[in-house]
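Structural description and commentary
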Amino acid sequence: MTAISVQAHQLSRLFFTHREYVSNDFTSGSPVYTGLLCFTVAVFSLSVFLIYKSRRHRHLSVETLARAQVVEDMKDAFIVCDSQFRFLDANQSARFLFPELNALTPGEAIQDEERFRNSGEIQVMAGGRRRIYEVTHTHIRQKEGEGGICIILHDITEREKLLKQLYIQAAFDPLMNIYNRGAFFRLSTLMVEKEKGCSYALLMIDVDYFKTVNDTYGHQCGDAVLKVLGRILKESFGGDDMVGRYGGEEMIVLLKDVSPSQALDAAERLCKNIENAPVFYRNCIIRTTVSIGVGHSPVGQDHLLQDMLFEADQALYQAKNEGRNRACLYQTEEVTP
């Protein structure tokens, strides 16, 4: 029997069984019976209503407290502001991330509140380390009066690190630490299509007698040579220049805003830098040279990587035929009428 049934039963017994209140000739049609019945029903209804309200209030209190506790304990930072981005409240994570919030009272302006106005990513120093947070807004609507804004900051530092690692794995050659072939042509194509008002030059680089190095000292020595060449290439070019591994012992470089003579000078300097950088492998000193072919696309021309690649390839054959360890610029053959 429920608590409500028990209370109703007790009320019935109180008014119908005690002789001091109910006479022996009490009948169902008498005024006393009718009055007591109405009174009993009223008391019973009031009891049910009060019990319901009590339980309902207790449930609502628990739900409200639970929600508040969850928000307070979350790792995400929550900042509640009015529509003018004036401070109203913040959870523990937000107060740790931005200690200046601890000194604010509701209605005061937030220091550097501009950083919270737009959704996106911000960088914050936390615990002596730079962290990346994603900022999102949730608008709080009210039927009457002014609404507010809940600013949520979610730490995405580890996600960004993972994405960066995945990008490096997908775009860079793990041995030479320069762009792989796919990434080089994808990025270079975007650059020449986007910035057409420039001149470009393409360098095709091939390691001289690389097979001999592998056959004489082993493939691990060949890998050591390629690592050194990758470092020299990165040191020799920068800015808008694109450096990549074409395949095997061949590298490729795209130069921006250069004349044919400037491109040839850059290629010749690279030859010298590589020749003067011996590779130390175990107890051996390996001296390496490269041959370079240069193709060029002048300002005002439709820049096509395949055309520059063809020119650089032809010039590379010329450099090898002329003795290697040199750079050659592609020369357009003049047609005699």
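The following refers to the structure shown. (Residues numbered from 1 in each chain as written. Predicted model: local features only at pLDDT ≥ 70, side-chain atom pairs only at ≥ 80, totals over all residues. Heavy atoms only, no water.)

Notes on the overall build of the protein
What counts here: Strands here are runs of E lasting at least two residues and helices are runs of H or I lasting at least four, both read from the DSSP assignment and numbered beginning at the N terminus. Buried residues are those whose accessible area, probed at 1.4 Å on protein chains only, stays under 20% of the maximum for their type, while exposed residues exceed 50% and partly exposed ones sit between those limits. Reported accessibility uses the Shrake-Rupley method at a 1.4 Å probe radius. Residues are deemed covered only where the shown protein chains occlude them.
Across its full length, the protein holds 10 helices and 12 strands. In the protein, buried positions account for 36% of the 337 residues. Within the structure as shown, the protein displays about 21,100 Å² of accessible surface, and the carbon and sulfur contribution to it stands at 53%.

Details of the sheet that holds strand β2 (residues 87-90)
Strand pairing in a sheet takes place through backbone hydrogen bonds and is either antiparallel or parallel in direction. Defined as follows: Strand pairing is defined by DSSP finding a minimum of two bridges between the two strands. The axes are straight lines fitted to the C-alpha atoms, using for helices just the contacting stretch, and the angles between their N-to-C directions are given from 0 to 180°.
Reading across from one edge, β2-β1-β5-β4-β3 is the order of the five strands in this open sheet, with antiparallel pairing throughout. On the outer flanks of this sheet lie β2 and β3 (120-126), each paired with one strand and no other. Across the sheet, the axes of successive neighbouring strands diverge by a mean angle of 30 degrees, strand direction being ignored. Strand direction decides the pairing type here: strand β1 (residues 77-82) and β2, joined by three bridges, are antiparallel. Paired with C81 across the bridge in β2 is F87.

Overview of the packing of helix α7 (residues 210-217) against helix α8 (residues 219-236)
Relative orientation and spacing of two packed helices are given, respectively, by the angle between their axes and the distance between those axes. Just so we agree on the cut-off: Put simply, angles under 35 degrees are roughly parallel, angles over 145 are roughly antiparallel, angles from 65 to 115 are roughly perpendicular, and the rest are oblique. By the convention used here, residues are in contact when the closest approach between their heavy atoms is within 4.5 Å. Here the nonpolar group is Ala, Val, Leu, Ile, Met, Phe, Trp, Tyr, Cys and Pro; Asp, Glu, Lys and Arg are the charged ones; every other residue, Gly included, is treated as polar.
Where α7 meets α8, the axes come as close as 6 Å, and the angle between the chain directions of the two elements is 135 degrees. When the axis of α7 is compared with that of α8, the two are oblique. Residues F210, V213, N214 and Y217 of α7 pack against H219, C221, G222, V225 and L226 of α8. In terms of residue class, the contact of α7 with α8 is built from six nonpolar, three polar and no charged.

Structural notes on the nonpolar core
This is how it is decided: As used here, the term nonpolar core means buried Ala, Val, Leu, Ile, Met, Phe, Trp, Tyr and Cys residues forming a set that is joined through side-chain atoms within 4.5 Å.
In this structure, L203, I205, L233, F237, L255 and I292 are the most contacted members of the largest nonpolar core, which totals 37 residues. Elements that contribute at least two residues to this core include exactly β6 (200-207), α7, α8, β8 (250-256), α9 (260-275), β9 (279-281), β11 (290-297) and β12 (327-329). Tallying contributions element by element places α8 first for this core, with eight residues. Setting aside anything within four residues of it in sequence, one finds I292 in contact with L203, M204, I205, A267, L270, C271, A315, L316, A319, R326, A327 and C328.

Observations regarding the environment of Y133
Along the chain, Y133 turns up in strand β4 (residues 129-140). By relative accessible area, Y133 is classed as buried at 9%. Considering only alpha carbons, one finds Y133 and I156, 23 residues apart in sequence, at a separation of 5.5 Å. Other than its neighbours up to four places away in sequence, Y133 contacts L97, G120, E121, I122, V124, L153, H154, D155 and I156.

Things to note about helix α6 (residues 181-194)
Quick note on the threshold: One fewer than the residue count of a helix, multiplied by 1.5 Å, yields its expected span.
Helix length check: α6, at 14 residues, gives a terminal C-alpha distance of 20 Å against a target of 20 Å (1.5 Å per residue), a fit within 8%. Where α6 is concerned, the buried positions are A183, F184, F185, S188, M191 and V192. The elements touched by buried residues of α6 are α5 (157-171), β6, β7 (242-247), β8 and α10 (305-321).

Some remarks on the side chain of S291
The criterion, for reference: By the criterion applied in these results, polar contacts are pairs of N or O atoms within 3.5 Å in which, for protein atoms, one can donate a hydrogen and the other can accept it, and in which residues neighboring in sequence qualify only through two side-chain atoms.
Topologically, S291 is positioned in strand β11. Of the residues examined, S291 reaches a relative accessible area of 0% and is grouped as buried. Of note is the side chain of S291, whose polar atom sits 2.7 Å from the side chain of D208. Ignoring sequence-local partners within four residues, the contact set of S291 consists of M204, I205, D206, D208, L316, A319, K320, R324, N325 and R326.

Concerning the pairing of β8
Judged by how many residues are buried, β8 sits mostly within the fold: six of seven residues are covered. Taken together, the seven bridges between β6 and β8 define a ladder with antiparallel strand orientation. Bridge assignment links D206 to a residue of β8, and that residue is E250. Looking at chain direction, β7 and β8 are connected through five bridges and run antiparallel. Across the sheet, the residue bridging to R245 is M251, located in β8. Adjacent in sequence and paired antiparallel, β7 and β8 are bridged by two residues, among which G248 carries a positive phi angle near 60 degrees.

Considerations on unusual backbone geometry
A positive phi angle, close to 60 degrees, is found at D257, a residue other than glycine. Tracing the sequence through the fold places D257 in the loop between β8 and α9. Even without a glycine there, the phi angle at R282 is positive, about 55 degrees. Relative to the elements of secondary structure, R282 occurs in the loop between β9 and β10 (284-286).

Some details on the packing of aromatic side chains
Here is the rule we go by: Aromatic rings from Phe, Tyr and Trp, taking only the six-membered ring of Trp, are treated as a pair when their centres fall within 6.5 Å; an angle between ring planes under 30 degrees marks them as stacked, one over 60 as edge-to-face, and anything in between as tilted.
The final tally for this structure, using the stated rule, is six aromatic pairs. Look at F310 and Y330: their rings are 6.5 Å apart centre to centre, the planes differ by 65 degrees, and that puts the pair in the edge-to-face class. Of this pair, F310 sits in helix α10 while Y330 sits in the segment after β12, and the two are 20 residues apart along the sequence. The exposure class assigned to Y330 is partly exposed, which follows from its relative accessible area of 25%. Connected via pairs of aromatic rings, a cluster forms that spans Y167, F172 and Y179.

Nothing here speaks to function; it is geometry throughout.
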